[in-house]
Amino acid sequence: DSGVTQTPKHLITATGQRVTLRCSPRSGDLSVYWYQQSLDQGLQFLIQYYNGEERAKGNILERFSAQQFPDLHSELNLSSLELGDSALYFCASGPGPLGEQYFGPGTRLTVT
Amino acid sequence: GESVGLHLPTLSVQEGDNSIINCAYSNSASDYFIWYKQESGKGPQFIIDIRSNMDKRQGQRVTVLLNKTVKHLSLQIAATQPGDSAVYFCAETAWFGNEKLTFGTGTRLTIIP
């Protein structure tokens, strides 16, 4: 158990819908990273927050947004969902702006 | 665009032997590199990292080597065990400048008992 929690574990929704994925980092960690993993795209870095501020942005679509709250938990919002958004979404946390990361169990999103 | 690539998609190694997983990167501005491990059905796991001011860094049974001249990164796993069977990803970024992490496609390592 990494200490990082993600909810929900599974999510099934229809195209065009909007969902919110939640991540609670390990106690004391200031960084939160979001990743997407699909069969045809491999592991993709989406975005990183450090102490409430966006630190780095990766291959995150404009339909997606994220934020880190004052209590350091983070949410990833996915809107206007398409079939191709079906994937595993991982959150990771770490103590610093870079360095060791601890991954959560992931949220499996299925868009039908 | 810039990309990180892995030389071999699959690698099989006899249990107890050492394994080497290679990774090439193309962004000369990258100065921070990470290796991740992902076992079947599980999330990724951070293994080891290295900054460009180092050529070598050792962890528990793992060593990462960085050759900046040829933009090459390798992960050596000593005395492999069945639990080392997994997909290994390398990733690159810049320590400063808030750059994104760019991942390679992954190498599947299979340990043969």
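That block above? That's the structure.
The structure displayed is predicted, hence computed values, not measured ones.

**Q** Talk me through the interface of chain B and chain A; I want residue IDs and the actual numbers.
**A** Across the contact, 19 residues belong to chain B and 16 residues belong to chain A. Of the roughly 1500 Å² buried between chain B and chain A on both sides combined, carbon and sulfur atoms contribute 63%. On inspection of chain B and its partner chain A, the count reaches 0 salt bridges. For the pair chain B and chain A, the number of links is 5 residue pairs in polar contact (both at pLDDT 80 or more). Those elements that place two or more of their residues in the side of chain B that touches chain A are β4 (32-38), β5 (44-51) and β9 (86-93) of chain B.

**Q** Quick rundown of the packing of aromatic side chains? Include the residues and the values.
**A** Going through the model one piece at a time under the given rule, you end up with 10 aromatic pairs over all chains. Here Phe103(A) and Tyr36(B) contribute two aromatic rings whose centre-to-centre distance is 5.7 Å and whose plane-to-plane angle is 80 degrees, an arrangement assigned as edge-to-face. Pair noted here: Phe103(A) is in strand β10 (residues 102-103) and Tyr36(B) is in strand β4, and the two residues belong to different chains. Assigned by exposure class, Phe103(A) and Tyr36(B) land together as buried. Aromatic side chains Tyr25(B) and Phe33(B) sit 4.5 Å apart centroid to centroid with 50 degrees between the ring planes, which places their arrangement in the tilted category. Residue Tyr25(B) shares its accessibility class with Phe33(B), and that shared class is buried. Taken together, Tyr33(A), Tyr35(A), Phe45(A), Phe90(A), Phe103(A), Tyr36(B), Phe46(B), Phe89(B) and Phe103(B) form an aromatic cluster joined through their ring pairs.

**Q** Tell me what's going on with the nonpolar core, and back it up with residues and numbers.
**A** By size, the foremost hydrophobic cluster in this structure holds 21 residues, and its most contacted members are Leu21(A), Trp34(A), Leu76(A), Leu78(A), Tyr89(A) and Leu109(A). Among the elements of the structure, β3 (19-24), β4 (31-38), β5 (42-50), β7 (64-68), β8 (74-78), β9 (87-94) and β11 (107-111) of chain A are those that each provide at least two residues to this core. Discounting residues that sit within four places of it in the chain, Leu109(A) has contacts with Leu11(A), Thr13(A), Val19(A), Leu78(A), Leu81(A), Asp85(A), Ser86(A), Ala87(A) and Tyr89(A). With 20 residues, the next largest nonpolar core counts Leu11(B), Ile21(B), Tyr88(B) and Ile111(B) among its residues.

**Q** Would you mind going over the pattern of salt bridges in detail, with residue names and values included?
**A** Applying the stated criterion across every chain, the model contains 8 salt bridges over all chains. A salt bridge links Arg63(A) to Asp85(A), with the nearest nitrogen and oxygen atoms 2.8 Å apart. Linking Arg63(A) in the loop between β6 (53-57) and β7 with Asp85(A) in the loop between β8 and β9, this pair joins segments that are 22 residues apart in sequence. Per residue, the accessibility class of Arg63(A) equals that of Asp85(A), and both read buried. Its salt-bridge partner being Arg61(B), residue Asp84(B) comes within 2.9 Å of it at the nearest N-O pair. A residue pair is termed long-range when its members are at least 10 positions apart, and Asp84(B) in the loop between β8 (72-77) and β9 and Arg61(B) in the loop between β6 (56-58) and β7 (62-67) qualify at 23 residues. Overall, the relative accessible area of 5% leaves Asp84(B) in the buried class. In the salt-bridge network here, residues are joined through shared partners; they are Arg63(A), Glu82(A) and Asp85(A).

About the criteria used
- Residues numbered from 1 in each chain as written.
- Chains lettered and ligands numbered in written order.
- Predicted model: local features only at pLDDT ≥ 70, side-chain atom pairs only at ≥ 80, totals over all residues.
- Heavy atoms only, no water.
- Contact = heavy atoms within 4.5 Å.
- Buried area = accessible area lost by both parts, 1.4 Å probe.
- Salt bridge = Lys/Arg side-chain N within 4 Å of Asp/Glu carboxyl O.
- Polar contact = N/O pair within 3.5 Å; in protein donor to acceptor, adjacent residues only side chain to side chain.
- Helix = DSSP H or I, 4+ residues; strand = E, 2+ residues; numbered from the N terminus.
- Phe/Tyr/Trp six-rings, centres within 6.5 Å; stacked < 30°, edge-to-face > 60°.
- Buried < 20%, exposed > 50% of the residue type's maximum accessible area, 1.4 Å probe, protein only.
- Core = buried A, V, L, I, M, F, W, Y, C linked by side-chain atoms within 4.5 Å.

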